[in-house]
Amino acid sequence: MSNVRDFGAAGDGQRDDTDAILHALEQGDGVLQFPPGEYLISRTLRVELDETGRFGMTGSAGAPQRNMAGAGPPFHHNGPHHKKAHTNGLE
C-alpha cells in the first residue's frame, strides 16, 4: 500500500493534498492508503486504468475524509474493466 502521507499529503483539512495524492497514485503500488485525517482535493484526479493497472483505496485506523474543494468528483476512473465488474463471470 502507498500511504499518501509518505508522498506529502498533510491530511489536516487545510492544505491542498491533491499533488501529494497524485504523486502517490503515479509512483505508488496501486493501492492508496489514507490514514485518519481530512484530505483536501482541489481538482479531479484521473485514474487511467490502462496505465495504473489495478487500483484501490483504503483507510487505516479510522475513517479518513476526502473533501472535494473543486468542481466534479475527487477521482475519475477511466479504462477497461476486462469483465472484472461482473461477479458472475458473464458478459
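Preceding this section is the structure that the text describes.
My aim in this report is to walk through the structure given alongside it, one point at a time. (Residues numbered from 1 in each chain as written. Predicted model: local features only at pLDDT ≥ 70, side-chain atom pairs only at ≥ 80, totals over all residues. Heavy atoms only, no water.)

### A short note on the pairing of strand 4 (residues 38-41)
Then comes step 1: With 2 bridges joining them, strand 2 (residues 12-16) and strand 4 adopt parallel strand pairing. Each bridged residue has a counterpart across the sheet, and for Asp16 the counterpart in strand 4 is Leu40.
Then comes step 2: In this sheet, strand 7 (residues 65-68) lies alongside strand 4 in parallel orientation, the contact comprising 4 bridges. The residue bridging Tyr39 from the neighbouring strand is Arg66, located in strand 7. (Pairing = 2+ DSSP bridges. Helix = DSSP H or I, 4+ residues; strand = E, 2+ residues; numbered from the N terminus.)

### Digging into the pairing of strand 5 (residues 45-48)
Then comes step 1: Judged by which residues are buried, strand 5 turns out to be one-sided: Leu45 and Val47 face inward and are buried, whereas Arg46 and Glu48, on the alternate face, are not.
Then comes step 2: Pairing analysis gives 4 bridges linking strand 5 to strand 8 (residues 75-78), with the strands arranged parallel. Pairing of Glu48 across the sheet is with Asn78, part of strand 8. (Buried < 20%, exposed > 50% of the residue type's maximum accessible area, 1.4 Å probe, protein only.)

### Focus on the nonpolar core
Then comes step 1: In terms of nonpolar packing, the biggest core is built from 14 residues, with Val4, Ile21, Leu32, Phe34, Tyr39 and Phe75 touching the most fellow members.
Then comes step 2: Elements represented by at least two residues in this core include exactly helix 1 (18-27), strand 3 (31-34), strand 4 and strand 5.
Then comes step 3: Examining the composition of this core, we find that 4 residues originate from one element, helix 1, more than from any other.
Then comes step 4: Those residues in contact with Phe34, other than ones at most four positions away along the chain, are Val4, Ile21, Tyr39, Met57, Thr58, Gly59, Ser60, Pro64, Arg66 and Phe75. (Core = buried A, V, L, I, M, F, W, Y, C linked by side-chain atoms within 4.5 Å. Contact = heavy atoms within 4.5 Å.)

By themselves, these figures tell us nothing about what the structure is for.
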